[in-house]
Amino acid sequence: MKIAMGADHAGVDAKNELVQKLSEAGHEVEDCGTQGEASVDYPDYALKVAESVASGQAERGILVCGTGIGMSIAANKVAGIRAAKCNDPQEAVMCRAHNNANVLCLGARVLDATVLAEVARAFIDSPFEGGRHARRVDKMMGAENSPSR
Ligand code: RB5
């Protein structure tokens, strides 16, 4: 799977570990940065990854900041993005199964490296269930395009 990944300074180490793990697992990873410890602004990386997913260049995105919260708020501003901040593998399974989330947001100051890897793997490996969930996802995405909102 082609996966776009990004992080700010708070998430860069965790992002680099995940890039390595997912690449070793055979995924094609687009690393959108950041690359160093210098303080950067999380929306810059959230928007890069979100635009890669929204354009179809990447199938899924993974974003890491301190909490995962800023990344999720920013990524969800891009049309077509359903970004979910997940704190455990079960949430990651469910955001795929019921919400067809296409971007995962993680908090490197909240979860340890082992859990981060488990959550990322659950997100990548889990399918969307479709059916009644597709109707609900369609309603969300319809609201995104509605001029009255
Ligand atoms: C950076 O200090 C921090 O605000 C950022 O990584 C993230 O947690 C924002 O939501």
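Criteria and thresholds
- Residue numbering note: each chain is counted from 1, following its sequence as written.
- Local features in this predicted model are restricted to residues of pLDDT 70 or higher, and side-chain atom pairs are both shown and tallied only at a pLDDT of 80 or more, whereas totals for entire chains, interfaces and linings draw on every residue.
- Excluded from the side-chain calculation are hydrogens and water; included are all heavy atoms of the structure.
- Nearness here has a simple test: a residue counts as near a molecule or strand if at least one of its heavy atoms is within 4 Å of that partner.
- Between N or O atoms, a polar contact is any pair within 3.5 Å; within protein, one atom must be a potential hydrogen donor and the other a potential acceptor, and residues adjacent in sequence are included only when both atoms are from side chains.
- Here, Shrake-Rupley sampling with a 1.4 Å probe gives the accessible areas, and only protein chains in the shown set may cover a residue.
- Each residue gets one of three labels, nonpolar for Ala, Val, Leu, Ile, Met, Phe, Trp, Tyr, Cys and Pro, charged for Asp, Glu, Lys and Arg, and polar for the others, Gly among them.
- The criterion is simple. A nonpolar core is a set of buried Ala, Val, Leu, Ile, Met, Phe, Trp, Tyr and Cys residues joined through side-chain atoms within 4.5 Å.
- Only protein chains enter the accessibility calculation, which uses a 1.4 Å probe; a residue is then buried when its area is under 20% of its type maximum, exposed when over 50%, and partly exposed in between.
- Here a helix means four or more residues in a row that DSSP labels H or I, a strand means two or more in a row labelled E, and each is numbered from the N terminus.
- Here, residues are in contact when the closest pair of their heavy atoms is within 4.5 Å.
- Centre distance within 6.5 Å is the pairing criterion for rings of Phe, Tyr and Trp, where only the six-membered ring of Trp is used; planes under 30 degrees apart are then read as stacked, over 60 as edge-to-face, and the remainder as tilted.
- Our definition puts a charge over a ring when NZ of Lys or CZ of Arg is within 6 Å of the ring centre and also within 35 degrees of the ring normal.
- Buriedness of a pocket was judged along seven lines, with at least five required to meet protein on both sides within 12 Å; pockets are open sets of points on a 1 Å grid over the protein atoms alone, cavities are sets where a 1.4 Å probe fits but cannot get out, and lining residues have an atom within 4 Å of a point.
- Grid points are joined across faces, edges and corners, and a volume is the space filled by probe spheres set on the points.

Engineer: I'd like a rundown of the site of the ligand, residues and numbers included.
Structural biologist: Taken together, D8, H9, A10, Y42, C65, G66, T67, G70 and R109 make up the full set of residues near the ligand. For the ligand, an oxygen atom lies 2.8 Å from a polar atom in the backbone of G66. At a separation of 3.4 Å, an oxygen atom of the ligand approaches a polar side-chain atom of R109. Starting from 290 Å² of accessible surface for the ligand in isolation, the protein chains cover 71%. Taken together, the residues of the shell around the ligand sort by class into three nonpolar, four polar and two charged.

Engineer: Give a detailed account of the nonpolar core, specifying residues and quantitative values.
Structural biologist: Nonpolar side chains tend to gather and get buried jointly when the protein is soluble and globular. Residues I62, L104, L106 and F123 are the most contacted members of the largest nonpolar core, which totals 24 residues. Per-element tally for this core: the top contributor is helix α5 (residues 113-125), with seven residues. When neighbours within four sequence positions are excluded, L104 is seen to be in contact with G61, I62, L63, A84, C86, V119, A120 and F123. A50, L63, C65 and C105 belong to the second largest nonpolar core, which has 19 residues in total.

Engineer: So what's going on with unusual backbone geometry? Which residues, and what values?
Structural biologist: Going from G33 to T34, the amide bond is cis rather than trans, its omega being 0°. With respect to the helices and strands, the residue T34 is situated in the loop between β2 (28-31) and α2 (42-54). Phi angles above zero are rare outside glycine, and N100 is one such case at about 50°. On the secondary structure map, N100 appears in the loop between α4 (89-97) and β5 (103-107).

Engineer: I'd love a proper account of the packing of aromatic side chains, names of residues and values included.
Structural biologist: Counted under the stated rule, the structure contains zero aromatic pairs. When the ring centre of F123 is taken as origin, the NZ or CZ atom of R60, which lies over that ring, is 5.5 Å away.

Engineer: Please provide a residue-by-residue account of empty space enclosed by the protein, values included.
Structural biologist: Following the criterion strictly, the structure yields one cavity of 30 Å³ or more and no others. Space inside the largest cavity adds up to approximately 40 Å³. Lining the largest cavity are A14, E17, L18, K21, A113, L116 and A117. Secondary structure elements with two or more residues in the lining of the largest cavity: α1 (12-24) and α5. The greatest single-element share of the lining of the largest cavity, amounting to four residues, is contributed by α1. Its residues assigned to classes, the lining of the largest cavity shows five nonpolar, no polar and two charged.

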